[in-house]
2 protein chains.
Amino acid sequence: MNFPEHKLIYYIQKWVDLSEADAASILAAFEPIAVKKKTQLLAPQEVCRYVYFITSGSMRSYHIDQKGTEHIYQLRLENSWISDLESFFSQKPSKYYIESMEDSTLLRISFDRLEMLYAEVPKMERYFRILFQKAYINALQRLNSTMWDSAEERYQDMVKENCDILQRVPQTYIASYLGITPESLSRIRKKK
Amino acid sequence: MNFPEHKLIYYIQKWVDLSEADAASILAAFEPIAVKKKTQLLAPQEVCRYVYFITSGSMRSYHIDQKGTEHIYQLRLENSWISDLESFFSQKPSKYYIESMEDSTLLRISFDRLEMLYAEVPKMERYFRILFQKAYINALQRLNSTMWDSAEERYQDMVKENCDILQRVPQTYIASYLGITPESLSRIRKKK
DNA sequence: TTGATTTCTTAACCTAGATCAAGGGTACAA
DNA sequence: TTGTACCCTTGATCTAGGTTAAGAAATCAA
């Protein structure tokens, strides 16, 4: 079987064992969608209704400050999750945008449907516990390197990870994600 | 009943319903310890063996860079959790210190005992899922404000939270936590 | 009570990265 | 195929916060 939905099961099974029945329940809970490049899935003031698993393409989330400058805080490729968890779990208005950077396909699940899924397949509680734990560890590492490493070190770390995101999205997005201006990133790249 | 252990149950019950039996299982899984000010619970190269719930006092976690400068990335008061999750969950050597800032009492649980507890009381899986979810949201907010707000704004936000940590620990710790030098914090405080 | 350590403040100077401005390249829409 | 928007680069200048240094104040151990 080779439906795109199965990638989701593959990634969940890296962390918890699933029966055939579990897998079926999970797939039934998610709804597939397809979006063109630069489609907004969330805008400020809206409540974030879904958590998304990206099956192909790439997404970013960002906010726009008082001066009108965009600040990207998440860049995600296929086989990872994206949402505004703060808005999703509180079901209160978001401060952020979520937008596709390429034509993309996603699986989405709503707040109520997710709570149902936790009841149906309690292992999902464990899966998301592990997912958030890793996400939290990651966010702290990013915080540490933002506070204490130079912009150049942060960029070189990203290059070392050899993530093809560097080839797939504009440098201005990478710069914003690293917390610097496009001009600074251009100067850093020139050096090497 | 008024044993200090019960604060733990109180805080867990804010997020999941516990039976008497659940509460008993949880309390049985944790071991109380008491430490003097400036006691190290973890040092670099050691594996972080426990997750700690602080029942009284305060803790910090930090690392020391090549130049010998301390960088604090967590400051925690009573009724919150502290650990190095990266080391704890991988059971690999840590890069961080965990140290008490005041005389403190804590409840600790080991990796194996926690896995047993998840099996005994599956609701704990849900509790930690919610805890890490909130911690992750928080870490992203801190990352955003470190990237995009001035040092003064970050300090003022901390003052607004009205957290008594500002009174209880040296300013040099607050400065490091905010990602600035003690000199800069002193200048910021002088302004107002 | 007293020296020793730690913490906080202030001042002079420095630097990484921001800001402002302008030109060239590239990609897609018509 | 051309024009329009976006993207990247480069240079000149500016600034928040770092660095270095030194003294004052507070805290602590004996």
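This structure is a prediction, so every number in the text was calculated from the model and none was measured.

Participant: An account of the environment of B:Leu106 is needed here, citing residue identities and associated values.
Facilitator: Residues and elements named next belong to chain B. Inspection of the secondary structure puts Leu-106 in strand E8 (residues 104–110). Sequence-wise, Leu-106 and Phe-30 are 76 residues apart; in three dimensions their C-alpha atoms are separated by 9.4 Å. When sequence neighbours within four positions are dropped, the list of residues in contact with Leu-106 reads Glu-31, Pro-32, Ile-33, Val-35, Leu-41, Tyr-52, Phe-53, Ile-54, Thr-55 and Met-59.

Participant: Residue-level account of the protein's contact with DNA strand D, with values.
Facilitator: Surveying the vicinity of DNA strand D reveals 16 residues, the closest of which are A:Gln171, A:Lys190, B:Ala151, B:Glu183 and B:Ser184. The sugar-phosphate share of atoms of DNA strand D within 4 Å of the protein amounts to 62%. Within the side chain of A:Ser186, an N or O atom sits 3.1 Å from a phosphate oxygen of DNA strand D. Here B:Ala151 contributes a backbone N or O atom positioned 2.7 Å from a phosphate oxygen of DNA strand D. Secondary structure elements with two or more residues in the surface near DNA strand D: helix H8 (171–178) and helix H9 (182–191) of chain A together with helix H9 (182–191) of chain B. A total of four residues in the surface near DNA strand D trace back to one element, the largest contributor, which is H9(A). Its residues assigned to classes, the surface near DNA strand D comprises three nonpolar, seven polar and six charged.

Participant: Summarise the pairing of strand E4 (residues 58–64) of chain B; cite the residues concerned and give the values.
Facilitator: Look at any regular strand and the pattern is simple: side chains alternate between the two faces of the sheet. Residue and element names in this part refer to chain B. Buried residues dominate E4, accounting for six of its seven residues. The pairing of E4 with strand E5 (residues 70–77) spans seven bridges and is antiparallel. When the bridges of E5 are listed, Ser-58 appears paired with Leu-77. In this antiparallel pair of consecutive strands, E4 and E5, the connection spans five residues, and Gly-68 shows a positive phi of 90°. Here E4 runs beside strand E7 (residues 97–100); their pairing, made up of four bridges, is antiparallel. The residue of E7 that forms the bridge with Ser-61 is Ile-98.

Participant: Can you lay out the pattern of salt bridges for me, pointing to particular residues and giving the numbers?
Facilitator: With the rule as written, the count across this model stands at 25 salt bridges over all chains. A salt bridge links A:Glu78 to A:Arg168; the shortest N-O distance between them is 2.9 Å. Here A:Glu78 is found in the loop between strand E5 (70–77) and strand E6 (81–82), whereas its partner A:Arg168 is found in helix H7 (residues 165–168), with 90 residues between them in sequence. Exposure remark for A:Glu78: the relative accessible area of 28% places this residue in the partly exposed category. Its salt-bridge partner being B:Arg126, residue A:Glu125 comes within 3.2 Å of it at the nearest N-O pair. A residue pair is termed interchain when its members come from two chains, as with A:Glu125 in helix H5 (residues 123–148) and B:Arg126 in helix H5 (residues 123–148). A residue is classified by how much of its surface remains accessible, and A:Glu125, at 8% relative accessible area, is buried. Each of A:Glu78, A:Glu102, A:Asp164 and A:Arg168 takes part in a single network of salt bridges with overlapping partners.

Participant: Which residues make up the interface of chain B and chain A, and what are the values?
Facilitator: Across the boundary between the two partners, chain B contributes 34 residues, which contact 34 residues of chain A. Between chain B and chain A the total buried area reaches about 3,400 Å² when both faces are included, carbon and sulfur atoms providing 64% of it. By the criterion of area lost to chain A, the three top residues of chain B are B:Arg129, B:Tyr136 and B:Trp148, representing 21% of everything that side buries. At the surface where chain B touches chain A, the tally comes to six salt bridges. Counting every contact that joins chain B to chain A gives 16 residue pairs in polar contact (both at pLDDT 80 or more). Broken down by secondary-structure element, the contributors of at least two residues to the side of chain B that touches chain A are E5, helix H3 (85–90), helix H4 (111–120), H5 and helix H8 (171–178) of chain B. Residues that form the side of chain B that touches chain A fall into these classes: 18 nonpolar, eight polar and eight charged.

Participant: Any details on the protein's contact with DNA strand C? Residues and values, ideally.
Facilitator: The environment of DNA strand C is made up of 16 residues, and the closest members are A:Ala151, A:Ser184, A:Arg187, B:Gln171 and B:Lys190. In DNA strand C, atoms within 4 Å of the protein come from the sugar-phosphate backbone in 66% of cases. Between A:Ala151 and DNA strand C, the recorded distance is 2.7 Å, taken from a backbone N or O atom to a phosphate oxygen. Going through the elements one at a time, H9 of chain A together with H8 and H9 of chain B are the ones with two or more residues in the surface near DNA strand C. By residue number, the principal contributor to the surface near DNA strand C is H9(B), which donates five residues. Residue composition of the surface near DNA strand C, by class: three nonpolar, seven polar and six charged.

Cut-off values and rules
- Residues numbered from 1 in each chain as written.
- Chains lettered and ligands numbered in written order.
- Predicted model: local features only at pLDDT ≥ 70, side-chain atom pairs only at ≥ 80, totals over all residues.
- Heavy atoms only, no water.
- Helix = DSSP H or I, 4+ residues; strand = E, 2+ residues; numbered from the N terminus.
- Contact = heavy atoms within 4.5 Å.
- Near = heavy atom within 4 Å.
- Polar contact = N/O pair within 3.5 Å; in protein donor to acceptor, adjacent residues only side chain to side chain.
- Nonpolar A, V, L, I, M, F, W, Y, C, P; charged D, E, K, R; others polar.
- Buried < 20%, exposed > 50% of the residue type's maximum accessible area, 1.4 Å probe, protein only.
- Pairing = 2+ DSSP bridges.
- Salt bridge = Lys/Arg side-chain N within 4 Å of Asp/Glu carboxyl O.
- Buried area = accessible area lost by both parts, 1.4 Å probe.

As far as function goes, none of this settles anything; it's purely spatial.
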